[in-house]
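# Coordinates in review
Chain by chain, the residues:
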Amino acid sequence: MTPNRRLDPALSKQGLAAAVAARLILFGWVLALSAPALPARGEHRALKFTYIGVQKEPIPSLILHDGVAFDLFAMFESVESALVDRGNDGLASPEGERIARVVQIPAGVMEEALRIVRAMARDADVPELARWSLAVTTLAVNGQVNGEEWFWGAPRAGRVLAVLEQALAASGEAASAVGQMRGAICGVNDRDADNVPNLCDACPTLPGPENSAGCPCAGDCNLDGAVTVAEIVRGVNVILGRAEFTNCQALDRNADLVVTVEELVAAVRALLRGCGE
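If you're wondering where the values come from, they're calculated on a predicted model, not measured in any experiment.

### Some points on the overall build of the protein chain
Each helix and strand counted, the protein chain has seven helices and five strands in total. Element order for the protein chain, N to C, with α for helix and β for strand: α-β-β-α-β-α-β-β-α-α-α-α. Each of the 277 residues in the protein chain was classed as buried or not, and the buried ones make up 40%. In the protein chain, 59% of the contacts between residues at least 6 apart in sequence involve partners at least 24 apart. Approximately 15,500 Å² of the protein chain is accessible, and the part contributed by carbon and sulfur atoms is 56%.

Structure, rendered in structure tokens:
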């Protein structure tokens, strides 16, 4: 009869630890096979434009990315709010392929595109109308998915897409895709002949530069491309009720028939820095 052998307590602990470690390694290997792979920290960025509003024909979303190797639609849906109309993301061709346009651009160009979008989100000089036309969502994958989201009216949307189109000029397909999205939002009619289509023109009856959404330079009452001290004084008189705003429609940046202190500040900025700055 073979005598019962008692294991050394230290060896028992070592064996148990090895067994647990083996199971953990196997568990981790199974998770690695079943979970979607995320890029390394700081590796990828993406930018998505989704048209919101009445559409005679569906306008596909536009996604720009810097070389993403995972399901962009799922990633964006994980960070977008319920306000985003995702219906167009699911549009499919007869072959079952999604028709949202997806275009890859170089990483450096993507960084510039994101810089433009974030700067436009902070630009108080670009008039914003109440009716939203475009949802703009950014995506960053840094070991986890993070996103930012903005909702813009047609003037701001048209302006940012125009700037992006210029910045992406060397990227060919990307510039064309952005231009087509801008055309879908802004249309082609231009009542005041200032090269800013009516739907993206915050001042459709007054000619103005594209960099101010088709509005005259803030406070430029006589539309000569410059703001003078006399025009600032006129703005002060409008705010104090001593003059009608119709004496200087260029002060009413958001076309709400009221001149505010913020709009006067924009005029002072134009006086100090020049129009278009």
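### Focus: the nonpolar core
Within the largest apolar cluster, 33 residues are counted, with the highest numbers of intra-cluster contacts made by Leu 47, Phe 49, Leu 64 and Ile 185. Of all the secondary-structure elements, those providing two or more residues to this core are strand S1 (44-51), strand S2 (62-65), helix H3 (107-122), strand S4 (132-141), strand S5 (145-153), helix H4 (154-167) and helix H5 (173-186). Counting residues per element, this core draws most heavily on H5, at seven residues. When sequence neighbours within four positions are dropped, the list of residues in contact with Leu 64 reads Arg 45, Ala 46, Leu 47, Phe 49, Val 103, Ile 105, Met 110, Leu 168, Ala 174 and Val 178.

### Remarks on the state of the cysteines
Counting across every chain of the model gives one disulfide. Put simply, Cys 186 and Cys 200 are joined by a disulfide, and their sulfur atoms are 2.0 Å apart. Classification of the bridge connecting Cys 186 and Cys 200 rests on its S-S torsion, roughly -85°, and on that basis the disulfide is left-handed. You can see Cys 186 sitting in helix H5 and its partner Cys 200 sitting in the loop between H5 and helix H6 (229-239), a full 14 residues away along the chain. With relative accessibility at 2%, the residue Cys 186 sits in the buried group. Taking relative accessible area as the criterion, Cys 200 reaches 3% and is therefore assigned buried.

Cut-off values and rules
Residues numbered from 1 in each chain as written. Predicted model: local features only at pLDDT ≥ 70, side-chain atom pairs only at ≥ 80, totals over all residues. Heavy atoms only, no water. Helix = DSSP H or I, 4+ residues; strand = E, 2+ residues; numbered from the N terminus. Buried < 20%, exposed > 50% of the residue type's maximum accessible area, 1.4 Å probe, protein only. Contact = heavy atoms within 4.5 Å. Areas by Shrake-Rupley, 256 points an atom, 1.4 Å probe, with all protein chains shown as cover. Core = buried A, V, L, I, M, F, W, Y, C linked by side-chain atoms within 4.5 Å. Disulfide = S-S within 2.5 Å.

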